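Here is how the chains run, residue by residue.
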Amino acid sequence: MTSLVYAVFHIATLQCSVRPEISPCTCETGKAFNHVELSCEKLESFNAVVDSLANKLNPDVSIDLKITHSQLDDLEMRSFRDMNFNLYKLRMQWNGLRSLPELPFRGLSNVTYLSVGDNELDEIPKHVLNHMPLLQTLDIGRCNIRAVQQDDLKGIQMVTNLILPSNNITRLDRGAFPLSLLILHLGRNQIESLNGSLHELTKLQSLFINANNISDLDGELPDGSKLRLLMAHNNRLERLPGNMASMNDLETIHLHFNRLRSFDRVLRNAQFLNELFANNNELEFLAQDDFQACRQMETLNLACNHIRSLNSSLHPMAKLKIGNFSFNDIDEFSMEELHGLRSLKILDLSYNRIQRLLPGHKHMPELPLIDLRLDHNQIITLDSALAGLSNLRILSLPENRIEYIMPGDLNGMNRLEILDLTSNQLVELKQLETTLLPNLKILKVAYNNISKLERDFYGLPVLCQVNLTNNQITTISSELVTNTRCKNHNVPGKLEIHLDDNPIMCDVRLNELCRLMAAQDARIRGRSQCFENDQEVCTVLPMLYKIDLPLLVTKLKIGDAEDAKPLVQMLVPSPILIKNNDELLPPLIATLGQPLINPVIIAAQPPPPLLLATTTPPAPPLLHLELNNTTTSTTTTTTTTTTTTNPPVISPVTTPAPVSQPLATPEMVTTTAPTTTTTSTTTPQPNDTLPIVLDIEEPNLTDSVKPSHMNATASDFPRTLEQLEEQKQLKLEQEQEQLQPPLMPAAVAEQHEQRVADTVAKTEYETVEYIPNVLLATTPPPPPPTSKSNLLEEDADSQSNSVHEEYPSVLLGDSEHAAQNLQIPEEPPEE
């Protein structure tokens with residue numbers, strides 16, 4: 001017997017060996033025993049199909065023939081019998097057929113499957129069906145059929161599957177359908193009434209009448225039928241037929257997108273009902289016994305209705321796994337509604353009007369609920385209603401009104417992995433410190449009002465991601481992640497804390513916090529609005545400062561009024577942002593012992609910062625900026641000297657302080673031709689308010705009038721100061737003779753300095769020592785310090801500058817020796 005089966009199978013296999021003679025058709029061994037599948041595509045005529053296959057296959061082998069995308073205009077000229085094989089399945093799709101002639105189909109009495117769908121047929125080919133008495137499946141879907149008339153299907157009384165979807169059917173005659181039908185597909189047509197055509201189909205098991213215009217099913221469905229599947233969605237049904245109460249075999253019902261107002265208790269006896277979709281209706285009320293016998297229900301979707309209460313209607317559904325009640329009008333939900341739902345995995349109550357959650361009884365921890373969705377409601381407090389859901393893994397609560405997480409609200413959620421509290425009104429997360437969530441990996445609390453984080457993550461030992469964007473966080477304790485180490489499937493990772501759009505992103509202490517977090521396997525992520533290029537904090541720029549310093553213009557001498565315009569335009573108030581490198585130095589100060597090359601200056605706000613750079617053209621105007629510490633004489637300051645032969649780059653200095661006096665006039669001009677400059681940097685102490693005094697002069701002096709103090713050393717400073725005072729007095733007298741008053745008198749400058757200094761906010765530098773990029777001086781100069789460490793050695797070869805004459809404590813030297821001098825800031829180098 002085994003050898004016989006093998007022999008028959010071998011024969012079928014040989015039928016589909018390399019067969020060049022049936023080209024362009026192809027041959028494959030069928031899935032069933034002793035079956036062969038033939039496929040002919042894109043042939044130019046039916047005659048070519050017959051010639052390719054005629055007498056090429058064994059008549060004992062059952063043939064499944066598929067002819068698609070071909071030109072069959074000559075279909076009536078030949079017959080399928082001319083091929084001389086046993087045809088049992090025939091598929092003729094996508095051939096553009098408008099009608100089927102009778103001649104080619106004569107003698108096909110063994111055909112059990114016929115598909116002529118996806119053509120342009122406008123009527124059922126009854127004359128063809130009369131030659132196929134054994135036909136069981138007829139597919140005429142996706143054509144232009146307009147009606148099913150009484151005699152159209154009389155020749156196929158053994159058919160069980162009738163497929164007629166996506167046509168233009170508007171008419172159904174009574175008695176048109178064979179009583180043998182098990183599956184009837186009339187979906188996506190234009191049927192308004194079934195016209196009693198289905199009333200006698202007592203064997204019908206699956207009925208598709210979806211996407212039509214049916215408004216009433218009363219008296220249309222067969223009484224006492226064996227109907228298991230009813231697809232009636234996307235119609236205009238306002239109620240369900242009464243005889244559905246006797247259809248005890250129903251397993252799947254799709255009624256979504258209708259106009260149902262109630263179930264009218266017609267499903268109370270559906271003991272095998274497994275899936276019910278009734279979303280997008282107008283349901284307002286659920287009777288307590290609507291699902292009285294639905295113990296096999298696994299999926300229930302009642303979303304997008306007007307239901308106000310579940311009314312304990314779910315209690316019989318012991319096998320319910322998915323319940324969707326979103327987009328309804330529920331204003332209060334009690335966990336008691338879930339009593340007895342021992343299989344519930346997913347519960348969706350989002351987009352309702354729930355204001356209160358009521359706890360259930362002590363049996364609630366037995367719920368196997370994994371995913372609970374309560375987003376887009378009006379919940380103010382959880383009232384511990386969800387406590388004890390030990391199997392819950394996802395808790396979604398965004399878009400509510402929750403202000404506090406109270407003690408006990410999240411107790412017992414030992415398997416919770418994702419907690420979403422986005423867009424609420426939370427002001428703190430302190431309760432998470434004492435609530436143990438041993439498996440929480442993702443915490444989402446963006447768009448709240450949280451202002452500080454201290455030990456809030458203490459109860460979250462394996463947290464891996466926290467979204468805190470768009471809050472008001474100004475303080476984060478270094479102990480925040482002490483008890484937290486990210487683990488995902490027991491694999492160690494790094495905790496990601498996202499802080500976009502929080503005030504702390506511009507805090508001066510963020511750098512130190514980044515270091516402390518990194519030491520505990522945590523990382524602060526986010527982009528700060530304080531960076532012009534929207535850089536990622538803690539990675540690209542490790543140090544962030546935001547300092548506002550007042551600007552006092554004491555004297556501005558420019559050769560021409562037109563030359564003053566670009567300088568005046570650059571004196572725009574703007575915050576200063578200084579970012580340190582790994583050595584905690586400003587970006588304009590390179591590593592010790594190395595020259596400055598192409599410093600990067602990043603502004604803090606859209607207004608352009610003050611950025612003045614001298615270039616190689618002859619006799620450029622110099623900006624001499626000095627930053628004087630306003631502390632008492634006992635305060636110790638550190639002075640460093642940077643010297644370079646390249647043109648000096650003056651870092652941006654911005655300030656909100658207004659300039660109270662007009663800028664200089666063209667007559668106030670003193671010039672010199674400097675060849676070297678010296679930039680002096682002074683380190684202020686914490687909490688110092690540092691006014692900025694800007695003194696600008698255009699050099700034009702010749703070597704013959706070089707002041708004598710240019711060669712003075714630190715020990716000669718008092719004598720040089722006296723000489724400079726005499727020269728300064730002489731210059732002032734000359735200027736008064738020209739009837740040109742100074743830009744800002746010394747008394748006015750002192751008052752302006754004091755007024756601005758009182759208004760500048762204190763800036764605290766906690767962990768790093770700030771070295772400013774530019775030096776600014778006040779008028780008049782402070783008394784010389786007693787220590788030589790605050791005096792800078794002047795280059796003996798440098799040329800005179802009028803600023804030196806007025807302020808000998810600020811000497812611009814050659815930048816070539818800048819890095820070298822930084823190494824010994826305590827003592828000036830000897831001449």
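Residues numbered from 1 in each chain as written. Predicted model: local features only at pLDDT ≥ 70, side-chain atom pairs only at ≥ 80, totals over all residues. Heavy atoms only, no water.

A.B. asks: Quick question: what am I supposed to make of the overall build of the chain here?
C.D. replies: When its secondary structure is counted, the chain shows 9 helices and 39 strands. Counting across all 831 residues of the chain, residues that qualify as buried make up 50%. Long-range contacts, defined here as pairs at least 24 residues apart, represent 60% of the contacts in the chain between residues at least 6 apart. Within the structure as shown, the chain displays about 38300 Å² of accessible surface, and the carbon and sulfur contribution to it stands at 48%. (Helix = DSSP H or I, 4+ residues; strand = E, 2+ residues; numbered from the N terminus. Buried < 20%, exposed > 50% of the residue type's maximum accessible area, 1.4 Å probe, protein only. Contact = heavy atoms within 4.5 Å. Areas by Shrake-Rupley, 256 points an atom, 1.4 Å probe, with all protein chains shown as cover.)

A.B. asks: Whenever I open this one, the environment of Gln-520 confuses me. Can you help?
C.D. replies: Along the polypeptide, Gln-520 turns up in the loop between α4 (510–519) and β30 (522–525). Residues Gln-520 and Val-481, 39 residues apart in the sequence, show an inter-C-alpha distance of 7.0 Å. Gln-520 has contacts with Ser-478, Val-481, Thr-482, Thr-484 and Arg-485, leaving out every residue within four places of it along the chain.

A.B. asks: What exactly am I supposed to notice about helix α2 (residues 46–53) here?
C.D. replies: Counting along an α-helix, one turn takes 3.6 residues, and residues three or four places apart therefore face a common direction. Here α2 has its buried residues at Phe-46, Val-49, Val-50, Ser-52 and Leu-53. One side of α2 holds all its buried residues, which, seen down the axis, span an arc of 165°. Its buried side turned inward, α2 meets β2 (35–41) and β3 (62–68). Phi turns positive one or two residues past the end of α2, at Asn-55, with a value near 60°. (Arc of directions from axis to C-beta.)

A.B. asks: Explain a positive patch on the surface here, please?
C.D. replies: A cluster of basic side chains, namely Lys-319, Lys-321, Lys-345, Arg-393 and Arg-415, defines a positive patch on the protein surface. With respect to the element layout, Lys-321 can be found in the loop between β15 (299–301) and β16 (322–324). (Patch = residues over 30% accessible without salt bridge, like charges linked within 9 Å, V, L, I, M, F, W, Y side chains within 5 Å. Salt bridge = Lys/Arg side-chain N within 4 Å of Asp/Glu carboxyl O. Lys, Arg positive; Asp, Glu negative; His and termini not counted. Charge placed at Lys NZ, Arg CZ, Asp CG, Glu CD.)

A.B. asks: What am I meant to see in a nonpolar patch on the surface here?
C.D. replies: On the surface, a nonpolar cluster with roughly 240 Å² of combined accessible area is contributed by Tyr-404, Met-406 and Val-427. Within the secondary structure, Met-406 is located in the loop between β21 (394–396) and β22 (418–420). According to the relative accessible area criterion, Met-406 is partly exposed, its value standing at 39%.

A.B. asks: In this structure, what is going on with α4? I would like to understand it.
C.D. replies: Listed as buried for α4 are Leu-510, Asn-511, Leu-513, Cys-514 and Met-517. Summarising the axial view, the buried residues of α4 lie within an arc of 160°, below the 170-degree limit, and thus occupy one face. Those residues of α4 that are buried lie in contact with β26 (475–476) and β30. Directly beyond the C-terminal end of α4, a positive phi value near 60° is found at Asp-521.

A.B. asks: Got a minute to help me understand the side chain of Asn-210 in this structure?
C.D. replies: Relative to the helices and strands, Asn-210 resides in the loop between β11 (206–208) and β12 (229–231). Looking at Asn-210, the relative accessible area reads 6%, which means it is buried. Beyond its immediate sequence surroundings of up to four residues, Asn-210 is in contact with His-185, Gly-187, Arg-188, Met-231, Ala-232, His-233 and Asn-235.

A.B. asks: Please clarify how the confidence of the model for the chain should be interpreted in this entry.
C.D. replies: This prediction gives the chain a mean pLDDT of 74; 62% of its residues lie at or above 70. In the predicted structure, residues 541–562 sits below a pLDDT of 50 and forms 115 contacts with residues beyond four places in sequence or in another chain. Counting interchain partners and residues more than four positions distant, the pLDDT-below-50 stretch residues 759–831 has 217 contacts. (pLDDT = per-residue confidence, 0-100.)

A.B. asks: Mind showing me how you'd approach the state of the cysteines here?
C.D. replies: Here, the word disulfide means a covalent bond between the sulfur atoms of two cysteines. Applying the stated criterion across every chain, the model contains 2 disulfides. With a sulfur-sulfur separation of 2.0 Å, Cys-25 is cross-linked through a disulfide to Cys-40. For the disulfide bridge between Cys-25 and Cys-40, the dihedral angle about the S-S bond is near 115°, and by the sign convention the bridge is right-handed. Within this pair, whereas Cys-25 is found in the loop between α1 (2–15) and β1 (26–29), its partner Cys-40 is found in strand β2, the two being separated by 15 residues in sequence. Exposure class is identical for Cys-25 and Cys-40. Each is buried. Note that Cys-464 is cross-linked by a disulfide to Cys-486, the S-S spacing being 1.9 Å. An S-S torsion of about 95° defines the bridge between Cys-464 and Cys-486 as right-handed. Of this pair, Cys-464 sits in the loop between β24 (452–453) and β25 (465–467) while Cys-486 is found in the loop between β26 and β27 (487–488), placing the two residues 22 residues apart along the sequence. With respect to burial, Cys-464 and Cys-486 carry one shared label: buried. (Disulfide = S-S within 2.5 Å.)

A.B. asks: I would appreciate a short explanation of the pattern of salt bridges in the present structure.
C.D. replies: Oppositely charged side chains can pair when the atoms bearing their charge come close. Scanning all chains against the criterion turns up 21 salt bridges. One salt bridge connects Arg-78 with Asp-82, and the closest N-O pair in it is separated by 3.5 Å. Overall, Arg-78 belongs to the partly exposed group, its relative accessible area being 21%. Take Asp-82: its relative accessible area is 35%, and that puts it in the partly exposed class. Through salt bridges with shared partners, a single ionic network connects Asp-51, Arg-78 and Asp-82.

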